[in-house]
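If you want the building blocks of each chain, they are given just below.
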Amino acid sequence: IATGARERAAAMIDEPAVTRSGRRIEVKINVEDPARVPDALLRSSDGIGLLRTELTFESGDLLHDEEAQYRVYRSLLQRLESKPLTVRTLDIGGDKPFQGLDQPVERNPFLGLRGIRLMLARPAVFRLQWRALLRAATEGPLRVMLPMVTTQTEIDATRRLADACLKELFGEGQSATLPPIGIMIETPAAALTTDTLEADFFSIGSNDLTQYVMAAARDAAGPVADLLDPLHPAVTRALRMVVEAGARRGIEVSLCGEVAADPQALPTLLDLGLDKFSVASARLAAVRQAVREQP
């Protein structure tokens with residue numbers, strides 16, 4: 001993007017993202033380290049569409065500290081001033097070793113115990129995160145989404161654990177509430193069954209979904225990098241299935257991932273019916289400007 005265009009986009013960062021025909025597009029931001037996100041950016045955005053908690057807790061120190069996790073979520077909700085905060089539960093596994101958490105050694109970790117699978121296999125860690133989330137949900141519009149979902153069984157098991165944590169907190173006399181629980185659509189299994197999966201919202205993780213649909217590792221410099229095309233017909237067909245299932249069932253569908261921040265991809269994404277995106281914070285101004293330039 002030319003310097004002049006960047007300056008114009010930055011100057012209009014607080015303006016809503018509306019196409020020329022008047023279609024309002026919601027643009028939230030992805031957050032890894034809350035301490036590095038200025039309040040001005042939170043005010044400019046439509047909220048946080050993805051808080052990567054495994055990066056927020058990268059040192060591992062917060063992994064077993066419920067109170068510290070609660071303070072992170074509560075602080076963000078206060079800073080967002082009634083805008084929504086969507087928290088992804090710990091997405092560990094695959095190529096993501098994590099200090100302080102026992103993880104298996106697997107021959108093919110990308111198809112192994114990662115995301116929601118690992119958390120359900122480590123209920124003590126998952127329970128602690130849920131307790132912090134349930135307490136923070138009383139402070140503002142918090143939503144929780146589960147990564148790497150493939151089956152309804154995983155959603156049901158998570159809901160049972162959340163319900164048990166809620167009863168525990170009530171028994172302790174603590175204030176808590178159950179937030180909306182959504183799922184990330186990152187696997188072909190999830191994309192193909194969005195007509196039946198019971199969740200409060202769907203968030204398409206385009207990076208992993210592309211990797212799994214195209215059977216090509218997420219390695220930008222790898223020998224199969226050319227296959228990692230988030231606009232390949234196979235991928236866009238999966239996206240359309242999710243959007244149409246959400247529309248039929250009244251379930252909100254959003255998209256996070258690198259393709260959401262690509263102005264060249266925006267016309268295709270809008271044509272698919274997507275109107276809610278979450279992008280890297282550094283791309284907020286550019287994406288909003290790109291939306292304004294659409295018919």
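Please read these numbers as outputs of a predicted model, since none were measured by experiment.

### Quick word on the pairing of strand E3 (residues 48-52)
Burial of E3 is extensive: 4 of the 5 residues sit out of reach of the surface. Across 3 bridges, the pairing between strand E2 (residues 24-31) and E3 is parallel. Note on E3: the bridge partner recorded for Asn-30 is Leu-50. Relative to strand E4 (residues 85-88), E3 runs parallel, the two being bridged by 3 bridges. When the bridges of E4 are listed, Arg-52 appears paired with Arg-88.

### Considering the pairing of strand E6 (residues 181-185)
For E6, the buried fraction is high: 5 of the 5 residues fall into the buried class. Here E6 shows no split at all, with Ile-181, Ile-183 and Ile-185 on one side and Gly-182 and Met-184 on the other all buried. Sheet analysis places strand E5 (residues 142-146) next to E6, joined by 3 bridges and oriented parallel. Of the residues in E6, the one forming a bridge with Met-145 is Gly-182. At this point the chain moves from E5, through helix H7 (residues 152-171), to the parallel E6, and the crossover so formed is right-handed. Judged from the 3 bridges that link them, E6 and strand E7 (residues 201-205) form a sheet pairing that is parallel. Across the sheet, Ile-185 pairs through a bridge with Ile-204, a residue of E7.

### As for the layout of surface pockets
As a volume, the largest pocket reaches approximately 870 Å³. Taken together, 38 residues form the lining of the largest pocket, with Glu-32, Arg-52, Glu-54, Leu-55 and Arg-88 sitting closest to its centre. Only E2, E3, helix H3 (53-56), helix H9 (206-214) and strand E9 (276-280) provide two or more residues apiece to the lining of the largest pocket. Here the lining of the largest pocket takes 4 residues from H9, the largest share from any one element. Grouping the constituent residues of the lining of the largest pocket by class yields 14 nonpolar, 9 polar and 15 charged.

### Considerations on the packing of helix H4 (residues 66-80) against helix H6 (residues 123-136)
Between H4 and H6, the least distance of the axes is 8 Å, while the angle of their chain directions is 35°. Between H4 and H6 the crossing geometry is right-handed. Taking contact as the criterion, the partners of Glu-66, Glu-67, Gln-69, Tyr-70, Tyr-73, Arg-74 and Leu-77 in H4 are, on H6, Leu-128, Gln-129, Arg-131, Ala-132, Leu-133, Arg-135 and Ala-136. Here the contact of H4 with H6 is built from residues that sort into 7 nonpolar, 2 polar and 5 charged.

### Notes on empty space enclosed by the protein
Regions of empty space are outlined by a rolling probe, equal in size to a water molecule, passed over the atoms. Applying the stated criterion across every chain yields a total of 1 cavity of 30 Å³ or more. As a volume, the largest cavity reaches approximately 70 Å³. Along its surface, the largest cavity is lined by 13 residues, and Lys-28, Gly-49, Arg-143, Ser-254 and Ser-278 are the ones closest to its centre. Only E2, strand E8 (252-256) and E9 provide two or more residues apiece to the lining of the largest cavity. Residue composition of the lining of the largest cavity, grouped by class: 3 nonpolar, 5 polar and 5 charged.

### Considerations on the packing of aromatic side chains
Tallied over the full model, the rule gives 2 aromatic pairs. In this arrangement the basic side chain of Arg-135 is found over the ring face of Tyr-70, its NZ or CZ atom lying 4.1 Å from the centre. Here the basic side chain of Arg-143 rests over the ring of Phe-201, its NZ or CZ set 3.9 Å away from the ring centre.

### Observations concerning the nonpolar core
By size, the foremost hydrophobic cluster in this structure holds 85 residues, and its most contacted members are Tyr-73, Trp-130, Leu-142 and Phe-277. When neighbours within four sequence positions are excluded, Phe-277 is seen to be in contact with Ile-25, Glu-26, Val-27, Lys-28, Leu-255, Ala-260, Leu-266, Leu-269 and Leu-270. Core analysis: the next-biggest nonpolar cluster, separate from the first, contains 5 residues, Met-145, Met-184, Phe-201 and Cys-256 among them.

### What about the pattern of salt bridges?
This structure, assessed with the given rule, holds 20 salt bridges. Notably, a salt bridge pairs Asp-33 with Arg-36, separated by 3.4 Å at the nearest N-O pair. On the accessibility criterion, Arg-36 (73% relative accessible area) is exposed. Its salt-bridge partner being Asp-271, residue Arg-240 comes within 3.9 Å of it at the nearest N-O pair. One end of the pair, Arg-240, is in helix H10 (residues 233-249); the other, Asp-271, is in helix H11 (residues 266-271), with 31 residues separating them in the sequence. Its relative accessible area of 33% is what places Arg-240 among the partly exposed residues. By sharing partners, the salt bridges in this structure join Glu-66, Glu-67, Arg-127, Arg-131, Arg-135, Glu-168 and Glu-172 into a single network.

Each value, and the rule that gives it
- Residues numbered from 1 in each chain as written.
- Predicted model: local features only at pLDDT ≥ 70, side-chain atom pairs only at ≥ 80, totals over all residues.
- Heavy atoms only, no water.
- Buried < 20%, exposed > 50% of the residue type's maximum accessible area, 1.4 Å probe, protein only.
- Helix = DSSP H or I, 4+ residues; strand = E, 2+ residues; numbered from the N terminus.
- Pairing = 2+ DSSP bridges.
- Right-handed = clockwise from strand over helix to strand, strands pointing away.
- 1 Å grid on protein atoms, 1.4 Å probe; cavity = no way out; pocket = protein on both sides within 12 Å on 5 of 7 lines; lining within 4 Å.
- Points joined across faces, edges and corners; volume = space filled by probe spheres on them.
- Nonpolar A, V, L, I, M, F, W, Y, C, P; charged D, E, K, R; others polar.
- Axes fitted to C-alpha atoms, helices over the stretch in contact; angles between N-to-C directions.
- Left-handed = near helix turned anticlockwise from the far one by under 90°.
- Contact = heavy atoms within 4.5 Å.
- Phe/Tyr/Trp six-rings, centres within 6.5 Å; stacked < 30°, edge-to-face > 60°.
- Lys NZ or Arg CZ within 6 Å of the ring centre and 35° of its normal.
- Core = buried A, V, L, I, M, F, W, Y, C linked by side-chain atoms within 4.5 Å.
- Salt bridge = Lys/Arg side-chain N within 4 Å of Asp/Glu carboxyl O.

Everything listed here is a matter of coordinates, which is why it stays silent on function.
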